[in-house]
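# Structure at a glance
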Amino acid sequence: MGVFSLVREEMVVGWSNVRHVQFGYGGTFIDSERKLSVVSQVFSPWHDFTGFSTYATERYVDVGQPTSLSHPQLLVEGEITPGITCDEYISRRKRLLELLPEKSLAIIAAAPVKMMTDVVPYPFRQDADYLYITGCSQPGGVAVLSEECGLCMFMPDPDPHDVVWQGQVAGVEAALDFFKAEKAFPLSKMHKILPEMIGRASRLFHNVKTALPSYMELEAFRRASLNNKVKDLSHYTHEMRWIKSLSELKLMRESASIACQSLLQTMLLSRTFPEESKLSAKVEYECKMRGAQRMAFHPVVGGGANGSVIHYSRNDQKVRAGELVLMDIGCEFHGYLSDLTRTWPPCGSFSSAQEILYSLILETNKECVKLCKPGVSIQQIHNYSVQMIRRGLKEIGILKDENGCSYHQLNPTSVGHYLGMDVHDSAMISNNRLLQPGVVITIEPGVYIPISYDAPDRFRGIGIRIEDEVLITETGYEVLTGSMPKEIPHIKSLLNFASSTATEASDLRAAFS
């Protein structure tokens, strides 16, 4: 099988008892139970699968996003979004009401559509809190939650013109039947219904970052705000999202797996195409081919001195021979994100200066991962990482004193953050909070030496970060990105093997041309 082989679970290909199918450029299907092989058919991402697909003939209601009827390859019956059941969404709503003070009303708005030009929107991504509570991945809605009414959803009014140009969207019926709201109304009725609900509430909570004028300008809301009755809901939703459920962890494992496989393929390509733009394109392609809906953020692909720019985003330079490339990437898999960084020399070998610094960051990464367990905080792990890196940089001769400002110039970042539906997830939770089982964090020590920094010449312009995702378990930790190589011997072997394989393939092509 080729490098780009994919593994798909539960794929229906015309034989009802085939459960596990592997396909690739070689064109061989393998049934793990029957060892069935069907040869002589070559598949590519553009091949017509018509003869091997089964299609549903029954009609289904289009609710503007995948359902188990419209997308049986993504959802099973009983799920609102892939991997998350209706029961789990309902339990989240109940849990939020239990956390809020008595007689509270929570207002959660969907994320707005942002425009690139007057007629071209940016790709839409739902607000994490709105998605977490409702399961609705579409713009334009406002959700209201209270003990009195349960979940009430105000849905965008249907517009035949928009349906023609943009497709169907969820309306009132979908809110009741699919998202399982207790009540639902057109958004155009909100100005009449919501003031009464606000008036009966003793306290009002809303998501400050996605607040909309459509409800904030209501007289009832203004009056509640003047009376200091309006608070930020994020304190409660971030608390809920901090500890992941088993179904959420399954999605996060898959997101991490996709990121690892994709970055590995990109690493293998880097010796042949050492250009930031091509590596950025490659990793995005690989993530999406493996099922990711989008990147978690714009990939950081910093070659040479660009790697010392922490969130470098231009990705427009060539990586010169002998330079390192730092890639910080992540993808989104059905609402849950991954975040992973590796640094390597595309040429296949580290210089002595690069290896000294890389070894320091690698050792710090591994020691900090060992600290991950219940009862320890990110801040405590961060403090330990600072001690390790500061001591190492002083021994190397890069730091000349113990001055905190000097160290901060070389590493102004925290060693990690929470991860989940947002890259910096549950931002309202302090890094001083003691970790608990079910929390996912990143461990990402690094060093970033600007060209202008007063250090020996051979260390200037080097940026190194090694980032892993870590799940806190009952007994310690699980590294979700552990399949992505980071040891120096492994990186060298991979890059040099990829190079020799590419050379052999080139020679074969030349021989038969």
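Residues numbered from 1 in each chain as written. Predicted model: local features only at pLDDT ≥ 70, side-chain atom pairs only at ≥ 80, totals over all residues. Heavy atoms only, no water.

## Section: the sheet that holds strand 7 (residues 104-109)
To summarise the sheet geometry, strands pair through backbone hydrogen bonds and adopt either a parallel or an antiparallel arrangement. Stated formally: Being paired, for any two strands, means DSSP has found at least two bridges between them. Strands here are runs of E lasting at least two residues and helices are runs of H or I lasting at least four, both read from the DSSP assignment and numbered beginning at the N terminus. The axes are straight lines fitted to the C-alpha atoms, using for helices just the contacting stretch, and the angles between their N-to-C directions are given from 0 to 180°.
Read across the open sheet, the six strands follow the order 10-9-8-7-11-12; overall the sheet is mixed. In the strand order of this sheet, the two ends are held by strand 10 (183-186) and strand 12 (230-232), each with one partner. Averaged over neighbouring strand pairs, the angle between their axes works out to 20° when direction is ignored. Pairing of strand 8 (residues 142-146) with strand 9 (residues 150-155), which is carried by five bridges, proceeds in the antiparallel orientation. For Ala-143, the partnering residue across the bridge sits in strand 9 and is Met-153.

## Details of the sheet that holds strand 14 (residues 300-303)
Short version of the rule: In this description, contact between two residues means that some pair of their heavy atoms is separated by no more than 4.5 Å.
Spatially, the three strands line up as an open sheet ordered 14-15-18, and their pairing is antiparallel. On the outer flanks of this sheet lie strand 14 and strand 18 (340-344), each paired with one strand and no other. Across the sheet, the mean angle separating the axes of adjacent strands is 10° when strand polarity is ignored. Helix-sheet contacts for helix 9 (residues 246-270) involve strand 15 (325-329) and strand 18, and the interaxial angle to strand 18 is about 20°.

## Quick word on empty space enclosed by the protein
The criterion, for reference: A cavity, in this analysis, means grid points on a 1 Å lattice covering only the protein atoms where a 1.4 Å probe fits yet has no way out; a pocket is instead an open set bounded by protein on both sides within 12 Å along at least five of seven lines, and a residue lines either one if it has an atom within 4 Å of a point. Grid points are joined across faces, edges and corners, and a volume is the space filled by probe spheres set on the points. For this scheme, ten residues count as nonpolar: Ala, Val, Leu, Ile, Met, Phe, Trp, Tyr, Cys and Pro. Four count as charged, namely Asp, Glu, Lys and Arg, and the remainder, Gly too, count as polar.
According to the stated counting rule, one finds three cavities of 30 Å³ or more in the structure shown. Empty space within the second largest cavity amounts to approximately 40 Å³. Thr-81, Ile-84, Tyr-89, Arg-92, Leu-131, His-334, Tyr-336 and Met-421 are the residues that line the second largest cavity. Tallied by class, residues from the lining of the second largest cavity come to five nonpolar, two polar and one charged.

## Overview of the nonpolar core
Filter applied, for reference: Residues enter a nonpolar core if they are buried and are Ala, Val, Leu, Ile, Met, Phe, Trp, Tyr or Cys, with the set joined through side-chain atoms within 4.5 Å. Burial status follows relative accessibility: with a 1.4 Å probe on protein chains alone, a residue under 20% of its type maximum counts as buried, one over 50% as exposed, and anything between as partly exposed. Those domain boundaries reflect an automatic or database domain assignment.
Among the nonpolar cores identified, the biggest contains 91 residues, and Met-153, Met-327, Leu-357, Leu-393, Ile-398 and Ile-464 are the most heavily contacted of them. Two domains each provide a minimum of three residues to this core, namely domain 1 (79-241) and domain 2 (246-501). When near neighbours in sequence (up to four residues on either side) are disregarded, Ile-398 contacts Leu-357, Leu-393, Leu-410, Ile-449, Tyr-453, Asp-454, Ala-455 and Phe-459.

## Some details on the side chain of Asn-315
Within the secondary structure, Asn-315 is located in the loop between strand 14 and strand 15. For Asn-315, a relative accessible area of 6% gives the class buried. Ignoring any residue separated from it by four or fewer positions in sequence, one finds Asn-315 in contact with Glu-276, Ser-277, Ser-280, His-298, Pro-299, Val-300 and Val-301.

## Concerning the confidence of the model for the protein chain
Keep this limit in mind: A residue's pLDDT is the predictor's confidence in that residue, given on a scale from 0 to 100.
On average, residues of the protein chain carry a pLDDT of 88, and 85% of them reach 70 or more. Note on residues 1-57: pLDDT is under 50 here. Beyond four places in sequence and across chains, it has 83 contacts.

## Digging into the packing of helix 1 (residues 86-99) against helix 8 (residues 234-242)
How two helices sit against one another is set out by the angle between their axes and by the gap between those axes. Put simply, the rule reads: Every angle not falling under 35 degrees, over 145, or within 65 to 115 is termed oblique; those three ranges are roughly parallel, roughly antiparallel and roughly perpendicular. Note on convention: the crossing is left-handed when the near helix lies turned anticlockwise from the far helix by less than a right angle, right-handed when the turn is clockwise.
Where helix 1 meets helix 8, the axes come as close as 10 Å, and the angle between the chain directions of the two elements is 130°. Between helix 1 and helix 8, the crossing angle belongs to the class labelled oblique. The way helix 1 lies across helix 8 gives a crossing that is right-handed. Here Arg-92, Arg-95, Leu-96 and Leu-99 of helix 1 come into contact with helix 8, specifically with Tyr-236, Thr-237 and Met-240. When the residues that make up the contact of helix 1 with helix 8 are grouped by side-chain class, the tally is four nonpolar, one polar and two charged.

## Points about the environment of Lys-366
Within the secondary structure layout, Lys-366 lies in helix 11 (residues 352-370). The partly exposed category is assigned to Lys-366, whose relative accessible area is 26%. Each residue touching Lys-366, except ones within four places of it in the same chain, is listed here: Lys-486 and Glu-487.

## Things to note about the side chain of Ser-406
Its location among the elements puts Ser-406 in helix 13 (residues 404-410). In contact with Ser-406, other than residues within four places in its own chain, are Leu-399, Asp-401 and Tyr-453.

## Details of the packing of aromatic side chains
As a reminder of what qualifies: A pair of Phe, Tyr and Trp rings is counted when the ring centres sit within 6.5 Å of each other, with Trp represented by its six-membered ring. The angle between the planes then sorts it: under 30 degrees is stacked, over 60 is edge-to-face, the rest tilted. We call a charge positioned over a ring when the NZ of a Lys or the CZ of an Arg lies within 6 Å of the ring centre and within 35 degrees of the ring normal.
The full count for this structure, using the stated rule, is six aromatic pairs. Here Arg-92 stacks its cationic end above the ring of Tyr-132, 4.0 Å away from the centre of that ring.

## So, the pattern of salt bridges
Formally: Here, a salt bridge means any side-chain nitrogen of Lys or Arg that lies within 4 Å of a carboxyl oxygen of Asp or Glu.
In the structure shown here, the tally under the stated rule is 25 salt bridges. A salt bridge links Arg-200 to Glu-148; the shortest N-O distance between them is 3.1 Å. One end of the pair, Arg-200, is in helix 5 (residues 190-200); the other, Glu-148, is in the loop between strand 8 and strand 9, with 52 residues separating them in the sequence. The partner of Lys-282 in a salt bridge is Glu-286, and the shortest N-O contact between them spans 2.6 Å. Within this pair, Lys-282 and its partner Glu-286 are both found in helix 10 (residues 276-289), separated by four residues, close to a single helical turn. Via salt bridges that share partners, Arg-125, Asp-129, Arg-241, Lys-244, Arg-294, Glu-332, Asp-422 and Asp-425 belong to a single interconnected network.

## Observations regarding the pairing of strand 11 (residues 203-206)
Bridge count between strand 7 and strand 11: four bridges; the pairing is parallel. If you follow Ala-106 over to strand 11, its bridge partner there is Phe-205. In the sheet, strand 11 pairs with strand 12 via three bridges, with the strands oriented parallel. The residue of strand 12 that forms the bridge with Phe-205 is Lys-231.

## Regarding the environment of Phe-185
Residue position: Phe-185 is located in strand 10. Look at Phe-185 and you get partly exposed, because its relative accessible area is 26%. Sequence spacing of Phe-185 and Met-153 is 32 residues, and the spatial spacing of their C-alpha atoms is 6.5 Å. Here Phe-185 is in contact with Cys-152, Met-153, Phe-154, Met-155, Val-172 and Ile-193, once residues within four sequence places are set aside.

## Remarks on unusual backbone geometry
One non-glycine residue, Lys-103, lies in the positive phi region at around 60°. Note on placement: Lys-103 falls in the loop between helix 1 and strand 7. What makes Lys-103 exposed here is its relative accessible area of 55%. The residue Lys-180 is not glycine, and still its phi comes out positive at about 60°.

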